[in-house]
Amino acid sequence: MMAWKRSIFAVACLLFCATLLLAASIGDGAWQSRVPDKDRLRSNPYDSQSGAIMAGAKLFRQNCSSCHGGEATGTEKKPNLHSDRIRTSTPGELEWLLKNGSMKNGMPSWSRLPEQQRWQIVSYLKSLQ
Amino acid sequence: MYRSAFKMAGALLFLACLLVWPAGAQAQGNYFVTYTHHMEEPGNLEFATKSVSGFPRAGNAFLGNAVELEYGVKTWWSSELYLDSQTTANESSVFTGFRFENRFRPLLKEHWINPVLYAEFEDINGADKALLEVVGHDGVADFLGRNDRSEKKREVELKLILGSNMKGWNFAENIIAEKNIAGDPWEFGYAVAISRPLSLAASPNPCRFCRENFTLGAEMYGGLGDRYRFGLHDTSHYLAPTMAFHMPSGPTFSVSPAAGLNSNSHGLLLRFGVSYEIDQVVSRLRGKR
């Protein structure tokens, strides 16, 4: 009986270790290459709406500024968002990044924000010069 | 008298700290029992209190408390420490133990359903009334005796957390397995929840009481018996509407009156909580922010 319990415990430990190793090995910095075409081509439903930029700025301050800074200029190891990568990314790519994150690189998923709010943040990001 | 004044001063100091601490991030909790697949942002520390008040007819009313410290270790790994205590009318106020838990998200992209693995060790005693989960044959009868701290419960708890976000709705399902290390059989439970913000888009202007800051939902949880008597017989179940108010860059307040669904359940459990997230706490301590 005790051997049976030890076996279950060992299997559970192995499963957890495997999960940790898997999580540590997946992911890379080139998130743009992983965006599916159908997401890349999506357009922002709030495109060119000034209210969306203001709402996105507010959401950015509430959710993103702790890492990227209040002016989106980056902090410590977190990137400055006034960058060519943001300027050249399509709105669909940015929304995909917000939804999925880039977890290996420390960018969490923001799927807990409704899609509309993610698009508003994209509006704000695209307004950055 | 001095003790109540001390408690009041402590509570006021805690609230003052929450309100004046600069640039807090938005705390996350929408539910009291059900976990979602959302992880703590890495580097952030969330303080939360989860309280539950019950009024068993044949016993004394009680207030169970759990103080929670949750830290985002990685984007896919969150770690939490709970400190439990309780007050029972006409009896006593006691510290009842601690819980240490970790959650791991194995899939690093968002899918239509997202699994999270949860493992917890808890060292609590028989007087614990935090009711952070309902498993096995837990029921109102467990709350009728006087506070008894002599019974030690060193338990391992495993959960499979499943979560989805769809069109602004959040869905979460938890399957729970818990075992007392002393030798009791595995006990099982479940929790399911659904919620949605009142507004999916944010308003352009800063506002405290905008609709997007309110989230309404419901959760249902209960026991599923144990290894030898699996099923709904002699188990308790609850259905609870939930409401959360996320103060922008401030604390989140949540409340949930839970109704017992059978005779083994408490008639009413009133849950309320406050949570506050301090962003990038290690950087702050190093003085880099």
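The model shown is predicted, which means the values in this text are computed figures rather than measured ones. (Residues numbered from 1 in each chain as written. Chains lettered and ligands numbered in written order. Predicted model: local features only at pLDDT ≥ 70, side-chain atom pairs only at ≥ 80, totals over all residues. Heavy atoms only, no water.)

Attention now moves to the side chain of A:S65. Note that A:S65 resides in helix α4 (residues 65-68). Within polar-contact distance, the side chain of A:S65 engages the backbone oxygen of A:R61 at 2.6 Å. (Helix = DSSP H or I, 4+ residues; strand = E, 2+ residues; numbered from the N terminus. Polar contact = N/O pair within 3.5 Å; in protein donor to acceptor, adjacent residues only side chain to side chain.)

Here the focus is the state of the cysteines. A covalent bond between the sulfur atoms of two cysteines is referred to as a disulfide. Using the criterion set out here, one finds 1 disulfide over all chains in the structure. Disulfide pairing places B:C207 opposite B:C210 at an S-S distance of 1.2 Å. The exposure class assigned to B:C207 is partly exposed, which follows from its relative accessible area of 26%. A:C64 supplies the cysteine sulfur nearest to A:C67, a cysteine that is in no disulfide, at a spacing of 8.6 Å. (Disulfide = S-S within 2.5 Å. Buried < 20%, exposed > 50% of the residue type's maximum accessible area, 1.4 Å probe, protein only.)

Taken in spatial order, the 12 strands line up as β1-β2-β3-β4-β5-β6-β7-β8-β9-β10-β11-β12 (chain B) and close into a barrel, and their pairing is antiparallel. Across this sheet, the average inter-strand angle for adjacent strands is 20 degrees, counted without regard to direction. (Pairing = 2+ DSSP bridges. Axes fitted to C-alpha atoms, helices over the stretch in contact; angles between N-to-C directions.)

Residue and element names in this part refer to chain B. Together, D142, D148, E151 and D184 make up a negatively charged patch on the protein surface. With respect to the element layout, D184 can be found in the loop between β7 (169-180) and β8 (187-197). Look at D184 and you get partly exposed, because its relative accessible area is 43%. (Patch = residues over 30% accessible without salt bridge, like charges linked within 9 Å, V, L, I, M, F, W, Y side chains within 5 Å. Areas by Shrake-Rupley, 256 points an atom, 1.4 Å probe, with all protein chains shown as cover. Salt bridge = Lys/Arg side-chain N within 4 Å of Asp/Glu carboxyl O. Lys, Arg positive; Asp, Glu negative; His and termini not counted. Charge placed at Lys NZ, Arg CZ, Asp CG, Glu CD.)

To continue, consider unusual backbone geometry. Although it is not a glycine, B:L131 adopts a positive phi angle of roughly 50 degrees. With respect to the helices, strands and loops of the structure, B:L131 is situated in the loop between β5 (114-125) and β6 (152-166).

Moving on, we get to the pattern of salt bridges. Pairing is possible between side chains of opposite charge, provided their charged atoms come close. All names here are of chain B. Throughout the structure, instances matching the rule amount to 20 salt bridges over all chains. Measuring nitrogen to oxygen at the nearest pair gives 3.9 Å for the salt bridge that ties E120 to R99. Residue E120 is found in strand β5, and its partner R99 is found in strand β4 (residues 93-104); the two are separated by 21 residues along the sequence. In terms of burial, E120 and R99 fall into one category: buried. In this structure, a network of salt bridges that share partners links the residues D84, R99, E120, E122, D128 and E133.

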